[in-house]
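# Architecture at a glance
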Amino acid sequence: MSKKKTIDEEIEDSFIGLANNLPLSDVMRLIEINADRIKIFHYELSTLEDIDTVGFNGACIQISTTPHME
């Protein structure tokens with residue numbers, strides 16, 4: 001018997017599914033539009049960072065960050 005997913009897990013799965021079916025250029029544009037609402041957690045440094053720039057090199061999306069200031 002499979003475990004029933006929580007609402008958060010279902011939402012996360014739907015976003016991942018959406019991102020996997022969009023061209024990278026569209027995903028990059030969505031990140032650019034919402035950059036002021038997205039925070040990046042740097043696991044190794046345990047820091048929260050803001051998106052500074054978003055770039056596309058044809059094969060992947062590159063995100064530059066700056067430390068988050070509250």
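Position numbers for residues count from 1 along each chain, tracking the sequence in the order it is written. Only residues with pLDDT of at least 70 are given local features in this predicted model, and only at 80 or more are side-chain atom pairs given and counted; all residues enter the totals for whole chains, interfaces and linings. Side-chain measures here rest on the full set of heavy atoms in the structure, leaving out hydrogens and waters.

A regular strand places its side chains on the two faces of the sheet in alternate fashion. A pair of strands counts as paired when DSSP detects no fewer than two bridges linking them. Per the convention used, a helix needs a DSSP run of H or I reaching at least four residues, while a strand needs a run of E reaching at least two, with both numbered from the N terminus. Summarising the sheet, strand β1 (residues 39-42) and strand β2 (residues 47-56) pair through four bridges and their orientation is antiparallel. If you follow Phe41 over to β2, its bridge partner there is Leu48. Connecting β1 to the next strand, β2, in antiparallel fashion are four residues, including Ser46 with a positive phi near 55°.

Moving on to the nonpolar core. Membership of the largest hydrophobic core is limited to six residues, which are Val27, Met28, Ile31, Ala35, Ile51 and Val54. Sorting the residues of this core by element identifies α2 (24-33) and β2 as the ones contributing at least two each. With three residues, α2 is the single largest residue contributor to this core. If sequence neighbours within four positions are ignored, Val54 has contacts with Met28, Ile31, Glu32, Ile61 and Gln62. As used in this record, nonpolar core signifies buried Ala, Val, Leu, Ile, Met, Phe, Trp, Tyr and Cys residues forming a set joined through side-chain atoms within 4.5 Å. Each residue is placed in one exposure class: buried if its accessible area under a 1.4 Å probe, protein chains only, is under 20% of its type's maximum, exposed if it is over 50%, and partly exposed if it falls in between. Throughout, a residue-residue contact means that at least one pair of heavy atoms, one from each residue, lies within 4.5 Å.

A few words now on the environment of Phe41. In this fold, Phe41 is placed in strand β1. As for Phe41 and Pro67, which are separated by 26 residues in sequence, their C-alpha atoms are 9.9 Å apart. Each residue touching Phe41, except ones within four places of it in the same chain, is listed here: Ser46, Thr47 and Leu48.

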